[in-house]
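What the coordinates show
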2 protein chains.
Amino acid sequence: MAIKRFILTLLIVVWSLIFADLTVSQAAEALPSWKDGQAKQSIVSFVAKVTKAGSPDFVPTAERIAVFDNDGTLWSEQPMYFQLFFALDRVKALAPQHPEWKTQEPFASLLKGDVKAALAGGEKAIIEIVMATHAGNTTEEFERIVKDWIATAKHPKTGKLYTEMVFQPMLELLTYLRANDFKTFIVSGGGIEFMRPWTEQVYGIPPEQVVGSSIQTKYEVVDGKPVLMRLAKLNFIDDKDGKPVGINQHIGRRPIAAFGNSDGDQQMLEWTQAGSGARFMMLVHHDDAKREWAYGPKSHVGTFSDALMAEARKSGWTVISMKDDWKAIYPSGKK
Amino acid sequence: MAIKRFILTLLIVVWSLIFADLTVSQAAEALPSWKDGQAKQSIVSFVAKVTKAGSPDFVPTAERIAVFDNDGTLWSEQPMYFQLFFALDRVKALAPQHPEWKTQEPFASLLKGDVKAALAGGEKAIIEIVMATHAGNTTEEFERIVKDWIATAKHPKTGKLYTEMVFQPMLELLTYLRANDFKTFIVSGGGIEFMRPWTEQVYGIPPEQVVGSSIQTKYEVVDGKPVLMRLAKLNFIDDKDGKPVGINQHIGRRPIAAFGNSDGDQQMLEWTQAGSGARFMMLVHHDDAKREWAYGPKSHVGTFSDALMAEARKSGWTVISMKDDWKAIYPSGKK
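Description of the structure in this document. The model shown is predicted, which means the values in this text are computed figures rather than measured ones.

What follows covers unusual backbone geometry. All names here are of chain A. Of the consecutive residues Gln78 and Pro79, the connecting peptide bond is found in the cis state with omega at 0 degrees. Positionally, Pro79 belongs in the loop between β1 (65-68) and α3 (82-94). For Lys240, which is not a glycine, the phi torsion comes out positive at approximately 50 degrees. Mapping Lys240 onto the fold places it in the loop between β4 (225-236) and α10 (242-250). For Lys240, a relative accessible area of 41% corresponds to the partly exposed category.

Set out below in structure tokens:
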């Protein structure tokens with residue numbers, strides 16, 4: 001046993017030396033879709049200083065928490081949040097069981113294909129659509145429905161699967177952070193149970209590291225089988241000042257790095273920055289009309305207000321130009 | 001680089017062989033405070049079958065989720081929940097700022113040292129005490145208060161620190177499961193923010209793997225500094241049918257192993273068992289009046305009803321006798 005322990009220790013030492021060397025070369029190679037420049041440099045510098053043992057900015061691995069918004073930060077969000085496409089497809093699928101929807105807004109307009117009229121009812125209309133399409137089943141049934149949809153549904157403009165519209169540079173960033181012993185979390189205004197069925201496969205982020213908005217669930221025993229029923233009642237909105245609340249509730253530690261793209265992420269970045277020690281805050285700016293979409297202060301989806309831009313400048317947050325900082329937008333070499 | 005990759009691969013192979021061998025010998029050595037017998041055997045058999053590659057019961061590491069109740073399962077809970085001792089100490093500390101408590105129940109009785117009279121008000125009295133002592137500060141302030149208390153407060157009967165009243169056999173079980181690539185979570189009716197400041201050090205369970213009851217928090221910027229204020233409003237009760245709800249909300253996967261000790265854990269064990277594949281459910285039975293406490297169906301704290309015992313027998317759950325199955329109760333050799 002003593003000999004085995006000795007060999008094990010020896011292996012750990014050799015392993016560590018090789019791995020340390022790999023880490024150095026990784027920094028240059030790990031972000032191939034990022035153009036060399038200030039944005040990429042700010043990420044690499046931050047990771048280098050928090051991972052360097054003995055550095056005044058060193059952060060123990062357990063504290064290396066990085067949080068990512070999803071819509072507009074890890075995947076696209078135009079012309080509307082992808083979860084809303086899911087909800088609209090669900091309205092169509094459920095319509096035969098709801099003859100009353102033919103005359104009842106916002107469903108009537110939706111079924112006629114007039115999304116704009118349906119959403120004219122604002123937040124109230126959206127909540128009605130979400131409740132009608134996300135509740136009334138068990139957590140297992142809902143997971144199956146999401147998995148089937150995400151595997152087949154395609155974006156109306158690009159014709160891609162929605163999971164093909166994730167940002168290649170951000171996938172590289174997630175992998176790079178995890179290679180440096182960061183624990184990566186999603187903190188999104190989107191539905192927690194809408195994301196969990198596919199985030200592990202697409203982003204390498206397991207269900208227990210996904211924070212999002214939710215409806216209430218209720219434990220019931222149906223025909224001798226325990227189930228969680230999804231109720232048509234809001235539980236939590238994980239957006240704006242809800243994001244620090246959700247982070248505290250789920251993670252219980254303050255992140256040292258936060259990545260967002262819109263006004264909904266402002267408080268998450270403020271909360272991250274307010275901790276002690278080295279911090280990194282980043283916003284993705286959608287300014288690439290050719291390869292993705294260009295939008296900002298006037299967009300209803302993913303609003304990036306002038307006030308947010310001013311705060312980013314003042315607070316030293318890194319603002320990524322998709323046009324100038326990214327060589328590729330989506331995976332598989334296509335631009 | 002190619003040579004380095006080759007060496008790395010070689011190391012991984014050697015490492016795996018040594019580690020596989022260690023795992024086999026670990027099973028016998030990892031639970032020294034457990035007497036040999038049916039209870040210990042049921043744990044070891046379960047772990048062996050879900051970790052054996054190629055076995056029909058094999059479970060991939062990502063799915064190896066184990067959940068543990070805290071009060072009565074990982075540490076003692078008599079003569080009352082330890083968090084209530086914390087609350088009572090807080091009442092005394094805060095009393096100078098609350099002259100009205102001298103005449104106002106349940107505080108008046110508490111300050112006179114009459115805990116029984118104070119708690120005669122039942123759940124309402126307890127909630128009043130919790131709100132008065134757990135809210136009204138920031139998450140950072142509360143964390144500091146808990147850390148100070150847990151480092152110094154002592155149990156009135158044993159004279160031990162509360163963190164010395166954790167169960168040695170359960171500490172070994174946590175370590176054993178993690179050595180077999182389980183991810184261990186606490187799922188407790190206790191306050192999530194009361195547990196997080198010390199669970200990592202005491203149990204090796206990080207804050208992001210603690211699920212518990214909570215009050216609401218609110219994001220505010222005070223003097224330019226973002227804080228989360230703790231409000232005197234209930235957010236979530238993680239007990240009984242709240243446990244599967246809390247597990248789904250925080251973890252988003254169904255556990256394959258669940259450990260509890262009272263009626264409050266029944267639904268958590270049912271929910272765990274209702275998944276497909278190999279499952280393990282265990283209840284700690286407090287039947288050791290000499291070394292700990294003996295209580296059961298008639299106890300107000302940690303009730304283990306006859307109905308729960310009947311369900312355990314019927315469903316094949318392992319019931320641990322602290323008296324017969326454990327060589328030691330608390331760490332450091334003391335019994």
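Turning to the sheet that holds strand β3 (residues 210-222) of chain B, a few remarks are in order. Backbone-to-backbone hydrogen bonds join strands into a sheet, with any given pair of strands oriented parallel or antiparallel. Residues and elements named next belong to chain B. Strand order in the open sheet made by the seven strands is β4-β3-β2-β1-β5-β6-β7, with mixed pairing throughout. Each of the sheet's edge strands pairs with one partner strand only, and the pair in question is β4 (225-236) and β7 (318-321). Strand after strand, the sheet turns through a mean of 30 degrees between neighbouring axes, direction not considered. As paired elements, strand β6 (residues 280-285) and β7 share four bridges and run parallel to each other. Across the sheet, the residue bridging to His285 is Ser321, located in β7.

Considering soluble globular proteins, one finds that nonpolar side chains tend to be buried as a cluster. Membership of the largest hydrophobic core comes to 67 residues, with the highest contact counts inside it found for Met170(A), Leu173(A), Tyr203(A) and Phe259(A). With eight residues, the single largest contributor to this core is α3(A). The residues contacting Leu173(A), other than those within four sequence positions of it, are Leu31(A), Trp34(A), Ile43(A), Phe68(A) and Phe259(A). One finds Ala39(B), Val44(B), Phe194(B) and Ile329(B) within the second-largest nonpolar core, a separate group that totals 66 residues.

With that out of the way, let us pick up the packing of helix α3 (residues 82-94) of chain B against helix α6 (residues 122-134) of chain B. Residues and elements named next belong to chain B. It is at 9 Å that the axes of α3 and α6 come closest, and there the two elements cross at 60 degrees. As judged from the angle between their axes, α3 and α6 are oblique. Our pair here, α3 against α6, has a crossing hand that is left-handed. Along the contact surface, α3 presents Gln83, Leu84, Phe86, Ala87, Arg90, Val91 and Leu94, while α6 presents Ile126, Ile129, Ala132, Thr133 and His134. Looking at the contact of α3 with α6 residue by residue, the classes come out as eight nonpolar, three polar and one charged.

This paragraph deals with a nonpolar patch on the surface. All names here are of chain A. On the surface, a nonpolar cluster with roughly 240 Å² of combined accessible area is contributed by Ile127, Leu234 and Ile237. By the element assignment, Ile237 lies in the loop between β4 and α10. Take Ile237: its relative accessible area is 46%, and that puts it in the partly exposed class.

What follows deals with the side chain of Asp325(A). Its location among the elements puts Asp325(A) in helix α13 (residues 322-325). With near-sequence residues (within four places) excluded, Asp325(A) lies in contact with Ser33(A), Trp34(A), Lys35(A), Ala39(A), Val319(A) and Ile320(A).

The next thing to look at is the environment of Leu177(A). Here Leu177(A) is to be found in helix α8 (residues 168-179). With sequence-adjacent residues up to four places away left out, Leu177(A) is seen in contact with Val47(A), Ala66(A), Phe68(A), Phe182(A), Thr184(A) and Phe259(A).

Residues and elements named next belong to chain B. Here Leu94 shows up in helix α3. The class of Leu94 is buried, set by a relative accessible area of 13%. Each C-alpha atom, one on Leu94 and one on Ala132, is 9.0 Å from the other, the two residues being 38 residues apart in sequence.

What counts, and at which threshold
- Residues numbered from 1 in each chain as written.
- Chains lettered and ligands numbered in written order.
- Predicted model: local features only at pLDDT ≥ 70, side-chain atom pairs only at ≥ 80, totals over all residues.
- Heavy atoms only, no water.
- Helix = DSSP H or I, 4+ residues; strand = E, 2+ residues; numbered from the N terminus.
- Buried < 20%, exposed > 50% of the residue type's maximum accessible area, 1.4 Å probe, protein only.
- Pairing = 2+ DSSP bridges.
- Axes fitted to C-alpha atoms, helices over the stretch in contact; angles between N-to-C directions.
- Core = buried A, V, L, I, M, F, W, Y, C linked by side-chain atoms within 4.5 Å.
- Contact = heavy atoms within 4.5 Å.
- Parallel < 35°, antiparallel > 145°, perpendicular 65-115°, else oblique.
- Left-handed = near helix turned anticlockwise from the far one by under 90°.
- Nonpolar A, V, L, I, M, F, W, Y, C, P; charged D, E, K, R; others polar.
- Patch = residues over 30% accessible without salt bridge, like charges linked within 9 Å, V, L, I, M, F, W, Y side chains within 5 Å.
- Areas by Shrake-Rupley, 256 points an atom, 1.4 Å probe, with all protein chains shown as cover.
- Salt bridge = Lys/Arg side-chain N within 4 Å of Asp/Glu carboxyl O.

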